[in-house]
Each structure stands twice: as C-alpha cells, then as structure tokens.
Amino acid sequence: MSNRIARPAATLLCAAILACAPVPALAGGIPALEQAGPAAAQATADRSLHLEGASNARDIGGYLTEDGHTVRWGKVFRSNALDKLTPSDLSSLSERGVKSVDDFRTVVERTLAQDRIPNGARSNWFDVIGTNPANLPALVDMPTMYALMVTDPGASRAFHDALANVANIDGAVLYHCSAGKDRTGWMTAVLLTLLGVSRADVNADYMLSNQYLSGPRTGSAFIDGVEQSWLDTSFATVDRVYGNFDNYVREGLQLSEGDIARLADTLLV
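A quick note: this is a predicted structure, and the numbers were derived from the prediction, not measured.

Description of helix α12 (residues 245–252)
Move 1: If you check which residues of α12 are buried, you get F245, Y248, V249 and G252. Viewed along the axis of α12, the buried residues span an arc of 110°, placing them on a single side of the element.
Move 2: The inward-facing, buried residues of α12 abut α5 (142–151), α6 (153–168), α7 (183–195), α11 (228–242) and α13 (257–267).
Move 3: Sitting at the amino-terminal end of α12 is N244, which places a side-chain oxygen 3.2 Å from the backbone nitrogen of D246.

If you want it as structure tokens, here you go:
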C-alpha cells in the first residue's frame, strides 16, 4: 500500500468541500435485515434516510450480534455533511426523533459548509483530526488517516465523547463528517463491534458508502468511496498498539464498563 504525497493546504480544503457534494438518494423503504448472512442482508436492506441533501445518511440498526441480539433501528444515524439539507430533510430528521447531531469535521470544514440542524436537536463538535494541525494531510492520505484515527489522542477523545453521547442521549443521534465514510466509518465500525456485530457485517456496512456515494470516480477514492484495506488498517493498528479491541476501548477510548453497558441497554434488543 503506497503513501500519497502530502498536498498543500488549499488542495486539502478543496477535497473536504468536494466530499460534501450530494448525489441522488436511493428509493424505497427500510426493511428489517434478513438473517441469511451479511452478503444476503446487504443485498436486500435499504438503509437510506432518503434525504435530498445528504445521500449517505443512513440507519445503522438491524444488525444481528454474535450473541443473538439486534441493533435497534431508529436510534443511530450516520451521514455525510448536512449543509445542503432541505426543509423537508430537516422535518424528516425531527420526525425520526434526532436530538443530537455530532460533527466530526475540522473547523475549516465546518466554516465552509455549516450544518443545518433539525428543530429541537443539539449540535456537538467532536473534531477527530483537526485538533493537531500536523494531522491535516491525512484528510487525503487514507492509510495514514485510518491509523491516526486509532492512535491520535484528539481522535480518541472525539470518539469517546461521541460514544458517550450515544449511550446517554434521550432520543436519536446523527453523527457525520464530510463524506460520511472515513471518520464516520470508523466511528460506526467501533460502535457496531462494541455491540457484538460480526466483523463481516461491520465491513459490509462500511463498504455501503460506495453504494450511497455513487458518483463518478475521480481517479482517487478518497472523495467518493472507500476501500476495505483502509478499515483493515484501523483494526490492524488497534491490534498493534493495544493488543486487542477490548484494550483499545478501555485504554484508548477510555470507556468504562458503565459506558459499555449503557450502549448495550440503549441500542440492543
């Protein structure tokens, strides 16, 4: 896996903004996941929230855990940027009970593409990469980005705060970055793994960004898609630095047994 050359700041900002461009949402409802395994489940489940201004907004519910529980629908949503949400989109999120919107972007991304928040929701800023300016080239260097999301203290604080928010909120949570695939993708992988969802289903959910961000390729997937090797980099970094995922959760993310229990109580049936 080759590293990409670091790009100047202006290029980084353009990449962040291009990643926010919406594409048409998919049609249909949100059926329950079938229990025929991850491949069959992903072929039939439509997770889209069908927002006009955020094509990668989707529900992470419905996955089976390895001990027989199911992740609740309608409690946690993942998305790309919210600056292009329409009045209809905002009404839809309000009707879905969204009470918290967690933004993983840098200050520049937030300034250039300001969130539109549904009525009654609180906005939280959990900057994953931008707390250390030296990290900014990672926005267009995916192998480095996916390792930093595990090792950087600022990233660990952001994911801790977001997971604690999910555990404690009375209502639904929507979290997002710019394209809703990298920072949002690792957050979702961590959350689903914590809940006991299989790695196969975690991988399948991650790769769905290639379906919901279905625009023309630009010669580089960092804007409009994901690669399985990137998520593998994060999990491999967890094992290399912490020994295993449980140690990462407790030592890296500083989540207590109480935090983990509240996540399970909130999100599993």
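Here we look at the pattern of salt bridges
Pairs can form between side chains of opposite charge whenever their charged atoms are close.
Move 1: Applying the stated rule across the entire model yields 11 salt bridges.
Move 2: Of the charged contacts, one joins D83 and K84 as a salt bridge, the two residues approaching to 3.0 Å between their closest N and O atoms.
Move 3: Classification of D83 as buried rests on a relative accessible area of 13%.
Move 4: The partner of D182 in a salt bridge is K181, and the shortest N-O contact between them spans 2.7 Å.

Quick word on the pairing of strand β5 (residues 172–176)
Move 1: Among the five residues in β5, five count as buried, and that is most of the element.
Move 2: Of the two faces of β5, the one lined by A172, L174 and H176 and the one lined by V173 and Y175 are each fully buried.
Move 3: Where strand β2 (residues 76–79) lies against β5, four bridges are found, and the strand directions are parallel. Along β5, the bridge assignment pairs V76 with V173.
Move 4: Strand direction decides the pairing type here: strand β3 (residues 98–103) and β5, joined by five bridges, are parallel. Looking across to β5, one finds that D102 is bridged to Y175.

Thoughts on the pairing of strand β4 (residues 122–125)
If a strand is regular, its side chains alternate between the two faces of the sheet.
Move 1: As defined by bridge partners, β3 adjoins β4 across four bridges and the pair is classed as parallel. Bridge pairing in β4 links D103 to W125.
Move 2: At this point the chain moves from β3, through helix α4 (residues 107–112), to the parallel β4, and the crossover so formed is right-handed.

Criteria and thresholds
- Residues numbered from 1 in each chain as written.
- Predicted model: local features only at pLDDT ≥ 70, side-chain atom pairs only at ≥ 80, totals over all residues.
- Heavy atoms only, no water.
- Buried < 20%, exposed > 50% of the residue type's maximum accessible area, 1.4 Å probe, protein only.
- Helix = DSSP H or I, 4+ residues; strand = E, 2+ residues; numbered from the N terminus.
- Arc of directions from axis to C-beta.
- Contact = heavy atoms within 4.5 Å.
- Polar contact = N/O pair within 3.5 Å; in protein donor to acceptor, adjacent residues only side chain to side chain.
- Salt bridge = Lys/Arg side-chain N within 4 Å of Asp/Glu carboxyl O.
- Pairing = 2+ DSSP bridges.
- Right-handed = clockwise from strand over helix to strand, strands pointing away.

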